[in-house]
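Listed below are the residues making up each chain.
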Amino acid sequence: MTNQTPIAAVALRSVGKDFGDFTALKDVTFDIGDNEFFTLLGPSGCGKTTLLRMIAGFEATTAGTIHLFGDEIETLPPDKRPVNTVFQNYALFPHMNVAENIGFGLKMLGWSKADIDARVAEMIQMVQLGQFVHRKPSQMSGGQQQRVALARAMAPKPKVLLLDEPLSALDLKLRQEMRAELKSLQRETGITFIFVTHDQEEALSMSDRIAVMSAGEVQQIGTPEDVYEHPANRFVADFIGETNLLEAEAGTVDGQSVMCQFGGSSISATTTGAVAPGQKGWLSIRPERLTIGTALGEGSIPARIGQTVYLGTDTQVMAHLEGGATLGARMQNTLAGADRLTEGADIHLTVAPGAARFLVE
Amino acid sequence: MRTFDPRRYTGFFTITLACLFILYAPLAVVAVYSFNDSLSITRFEGVSLRWYQDVFFGLEAGKFRTAAWNSFTIAIMAATAATMIATAAAIGMVRGGNFKGKPASFALISMPIMVPEIVTAVATLIFFSAIGFSLGYVSILVAHIVFCIPFAYLPISARLQGIEATFEEAAQDLYASRWNAFRYVLAPIMAPGIMSGFLLAFIISLDDFIITNFVKGAGVETLPTAIFGAVKQGIKPDIMALSTLLLLFSILIVTLSYLIGRTGDAKNPE
């Protein structure tokens, strides 16, 4: 290797946090690269916000080190760290107008009035809030406040931008718009984004990489495709997207492929870890990877249609296997008014190649 | 489900009227007789402003003016000092987390409200004479600062409790030192509470009698002690005029304190 490893934007080493007897974070170690859109994803209480607050400096670490572009920062107070935060409730200063809010960080950094004005104008241009410069936050909508918060945090040109569930207070339509906007903003500015969310769709649609967290520990780090297609464990498979999780037992193992027994049926699944025959685990099959057909084909499983739920673009079908297990499948409604799925009908389920995954834990 | 409505109870109206009458009738009598065109304090003999004129230009006007000046300057300084201490205390109590001795600290801060004033008065007097502190203007001021703290503390801490800590975090995140976060962000958002606390402390200091009377020493009078001194020589209608003026001023300040304390609540998100 002749290339030097690039310095990580944020390097976490064995970071831990205890609140009294409660362990919020345990032995968190990973790097976040420069220019990366990195997401901390997990259910509430998983420690993702605590980790973000530790990078920002609002919480002290109880173990481990945090480096920002090579500099140790965990002993610095928040105002000495070149990172900025977009808060969940925005925390816009109610007594300042939009321009004053955006310019606050620059003023505290001691920028000249002319420089502040220029940068604030640039930021206002960036988030398209020209006509609101003199408004107070209370006179603006949630989406507009969100943009002000974003502009305020980006104005001082932070090395890393921290975003604490910034979209959770917006309604669905706005949230989807903001996703695309955040993503392109990150691309244009090249600033490293660390984005905290509990919304897996948000994480999948924006991130370069995702760290899936649960109970204070990192479960898996990978690209959106990685964590969706190759979940490391049962939690990740279940948390990211929809999946059928079935208790299963490994049969014959052939490299990455395992013959799984579940509820009287058997199916070939992929695995990443070392699996021994007879090992208990979980079989994960995404509903959209199941195809419903009428004829028996290679690798298909006979089943009977149970309940169907019409969902607009898709129809969700519960298919009961002969062995007793139930699998949920999703069919795209490509033909209007097509009604091929009647309850009780006998069908054959085909699992797409590589779609079944055997998870040890 | 039926909600509890005290107005439905028998006698609610009568009892309310009786309470209001007992509380406010004496004040009304004083206010009415301050306009009495007579030396009598029991017989009303026509409307006149002569006693008000007497307060400002009569024989004892000089004494009252000095007392009023003392009261006013002490109240301003005591309220200012108490408000500063109370603001620091409120930040410590509300933002300091659950530190050891927090309940004890709260008890200490609110002690002057709980303890009978006469006890504080005697204790303060004994303390001053024990350390050889000479009684006069300064001793009154010191005593007033102390008992004004809890009155300033209550509205300030109430306001601070309604302000989310993320405002200060956001300020610090944007490179404000702790002092700048207070100066540019927390203090302006807290301002209505601080102002309300200041006015409450001001009015409490202005009309304090018991403690002032104990620690004032000879020769220094505040308005309440001057009025008491004058009353001891017989109640003259000019006292009523003076009391009415003091009453109006108090109502004004308390109303102001209440109104200011309420402002900005709507602007504060959540």
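Remember, predicted model here, so these are calculated numbers, not experimental data. Position numbers for residues count from 1 along each chain, tracking the sequence in the order it is written. Whichever chain is written first is A, and whichever ligand is written first is 1; the rest continue in order. This being a predicted model, a pLDDT of at least 70 is required before a residue's local features are given, and a value of 80 or more before pairs of side-chain atoms are given or counted; all residues contribute to the totals for chains, interfaces and linings. Heavy atoms from the whole structure form the basis of all side-chain values; hydrogens and water molecules are not counted.

**As for the overall build of chain B**
Okay, step 1: Per the secondary structure count, chain B includes 11 helices and 0 strands.
Okay, step 2: Secondary structure elements are taken from DSSP: a helix is a run of H or I of four residues or more, a strand is a run of E of two residues or more, and numbering for both begins at the N terminus. For chain B, the sequential pattern of α-helices and β-strands runs α-α-α-α-α-α-α-α-α-α-α.
Okay, step 3: Burial status follows relative accessibility: with a 1.4 Å probe on protein chains alone, a residue under 20% of its type maximum counts as buried, one over 50% as exposed, and anything between as partly exposed. Evaluated residue by residue, chain B yields a buried proportion of 40% over its 270 residues.
Okay, step 4: By definition in these notes, contact holds between two residues if any of their heavy atoms fall within 4.5 Å. Counted over contacts in chain B with a minimum sequence separation of 6, partners at least 24 positions apart contribute 72%.
Okay, step 5: Here chain B carries 18 positive and 16 negative side-chain charges, and the mean point of each set is 2 Å from the other. His is not counted, nor are the chain ends, whereas Lys and Arg count as positive and Asp and Glu as negative. Charge positions are represented by NZ for Lys, CZ for Arg, CG for Asp and CD for Glu.

**Observations concerning the interface of chain B and chain A**
Okay, step 1: Contacts between the two partners involve 19 residues from chain B and, on the opposite side, 26 residues from chain A.
Okay, step 2: For any pair of parts, buried area is found by adding up, for both, the accessible area (1.4 Å probe) each one loses once the two are put together. Surface buried jointly by chain B and chain A totals about 2,000 Å² across both partners, of which 64% is contributed by carbon and sulfur atoms.
Okay, step 3: Among the residues chain B hides against chain A, the three largest losses belong to B:Asp173, B:Leu174 and B:Tyr175. Together they make up 40% of the total.
Okay, step 4: Any carboxyl oxygen of Asp or Glu within 4 Å of a side-chain nitrogen of Lys or Arg constitutes a salt bridge here. Between the two partners, chain B and chain A, sit 1 salt bridge.
Okay, step 5: Here B:Glu169 and A:Arg53 are joined by a salt bridge, their closest N and O atoms 2.7 Å apart.
Okay, step 6: Counting of polar contacts relies on pairs of N or O atoms within 3.5 Å, with two restrictions inside protein: one atom must be capable of donating a hydrogen and the other of accepting it, and residues adjacent in sequence are counted only when both atoms are side-chain atoms. Applying the counting rule to chain B against chain A returns 8 residue pairs in polar contact (both at pLDDT 80 or more).
Okay, step 7: Among the secondary structure elements, those contributing two or more residues to the side of chain B that touches chain A are helix 7 (166-173) and helix 8 (178-206) of chain B.
Okay, step 8: Looking at which element gives the most residues to the side of chain B that touches chain A, the answer is helix 7 of chain B, with 7 residues.
Okay, step 9: Its residues placed into classes, the side of chain B that touches chain A shows 10 nonpolar, 4 polar and 5 charged. All residues other than Ala, Val, Leu, Ile, Met, Phe, Trp, Tyr, Cys, Pro, Asp, Glu, Lys and Arg, Gly among them, are scored as polar; the first ten of these are nonpolar and the last four charged.

**Some points on the packing of helix 1 (residues 12-33) of chain B against helix 11 (residues 237-262) of chain B**
Residues and elements named next belong to chain B.
Okay, step 1: Only the stretch in contact is used when a helix axis is fitted, and all axes are lines through C-alpha atoms; the angle between N-to-C directions ranges over 0 to 180 degrees. At a minimum axis separation of 8 Å, helix 1 and helix 11 run at an interaxial angle of 120 degrees. In this view, helix 1 runs oblique relative to helix 11, as classed from their interaxial angle. Considering the relative orientation of helix 1 and helix 11, their crossing is left-handed. Taken together, the residues of helix 11 that come into contact with helix 1 (itself represented by Leu 27, Val 30, Ala 31 and Tyr 33) are Met 240, Ser 243, Thr 244 and Leu 247. Roughly parallel refers to an angle under 35 degrees, roughly antiparallel to one over 145, roughly perpendicular to one between 65 and 115, and oblique to any angle outside these ranges. Should the near helix be turned anticlockwise from the far one by less than a right angle, the crossing is left-handed, and should it be turned clockwise, the crossing is right-handed.

**With respect to the pattern of salt bridges**
Okay, step 1: Per the counting criterion, the structure on display carries 25 salt bridges over all chains.
Okay, step 2: Linking A:Asp199 and A:Arg179 is a salt bridge whose minimum nitrogen-to-oxygen distance equals 3.9 Å. Taken together, the residues A:Asp199 in the loop between strand 8 (192-197) and helix 6 (200-206) and A:Arg179 in helix 5 (residues 172-189) connect sequence positions 20 residues apart. Of the two residues, A:Asp199 and A:Arg179, neither departs from the other in class, the shared state being buried.
Okay, step 3: Here the residues in one salt-bridge network are A:Lys17, A:Arg53, A:Glu59 and B:Glu169, joined through shared partners.

**Topic: the sheet that holds strand 8 of chain A**
Residues and elements named next belong to chain A.
Okay, step 1: Two strands form a pair only when DSSP identifies at least two bridges running between them. Across the sheet, which stays open at both edges, the 6 strands sit in the order 6-7-8-3-9-10 with mixed pairing between neighbours. Edge strands, defined here as strands with exactly one partner in the open sheet, are strand 6 (83-86) and strand 10 (217-222). With strand direction ignored, the average angle separating the axes of adjacent strands in the sheet is 20 degrees.
Okay, step 2: Note that strand 7 (residues 160-164) and strand 8 share 5 bridges and pair parallel. Residue pairing for strand 8: Val 160 is matched across the bridge by Thr 192.
Okay, step 3: Contacting strand 3 (37-41), strand 7 and strand 8, helix 5 runs over the sheet at an angle of about 160 degrees to strand 8.

**Overview of the domain arrangement of chain A**
Residues and elements named next belong to chain A.
Okay, step 1: For each domain, the first and last residues come from an automatic or database assignment. According to the domain assignment, chain A consists of domain 1 (10-234) and domain 2 (242-359).
Okay, step 2: The interface is formed by 8 residues belonging to domain 1 together with 7 residues belonging to domain 2.
Okay, step 3: Buried surface at the junction of domain 1 and domain 2, both sides included, amounts to about 780 Å², of which 47% is carbon and sulfur.
Okay, step 4: Considering only the side of domain 1, the residues that lose the most area to domain 2 are Tyr 228, Pro 231 and Arg 234, jointly responsible for 71% of the buried surface there.
Okay, step 5: A salt bridge links Glu 229 to Arg 289, with the nearest nitrogen and oxygen atoms 2.9 Å apart.
Okay, step 6: Across the domain 1-domain 2 interface, the total number found is 4 residue pairs in polar contact (both at pLDDT 80 or more).

**Notes on the sheet that holds strand 19 (residues 346-351) of chain A**
All names here are of chain A.
Okay, step 1: Overall, antiparallel pairing links the 5 strands, which are arranged 15-19-16-17-18 in an open sheet. On the outer flanks of this sheet lie strand 15 (290-293) and strand 18 (326-332), each paired with one strand and no other. For this sheet, the mean inter-axis angle between neighbouring strands, taken without regard to orientation, is 45 degrees.
Okay, step 2: Examined bridge by bridge, strand 16 (residues 300-310) and strand 19 share 5 bridges and lie antiparallel to one another. For Pro 302, the partnering residue across the bridge sits in strand 19 and is His 348.

**Overview of helix 4 (residues 142-154) of chain A**
In an α-helix there are 3.6 residues to a turn, and that puts residues three or four apart on one side.
Residue and element names in this part refer to chain A.
Okay, step 1: The first and last C-alpha atoms of helix 4 sit 18 Å apart over 13 residues, in line with the 18 Å expected at 1.5 Å per residue.
Okay, step 2: The element helix 4 is largely enclosed, with a buried count of 11 among its 13 residues.
Okay, step 3: Of the positions making up helix 4, those classed as buried are Gly 143, Gln 145, Gln 146, Arg 147, Val 148, Ala 149, Leu 150, Ala 151, Arg 152, Ala 153 and Met 154. Residue count minus one, scaled by 1.5 Å, sets the expected span of a helix.

**Observations regarding unusual backbone geometry**
Working note: non-glycine residues mostly have negative phi, and peptide bonds are mostly trans.
All names here are of chain A.
Okay, step 1: Although it is not a glycine, Phe 69 sits at a positive phi angle of roughly 45 degrees.
Okay, step 2: Residue position: Phe 69 is located in the loop between strand 4 (63-68) and strand 5 (71-72).
Okay, step 3: At Ala 215, a position not held by glycine, the phi torsion is positive, near 50 degrees.
Okay, step 4: Note on placement: Ala 215 falls in the loop between strand 9 (209-214) and strand 10.

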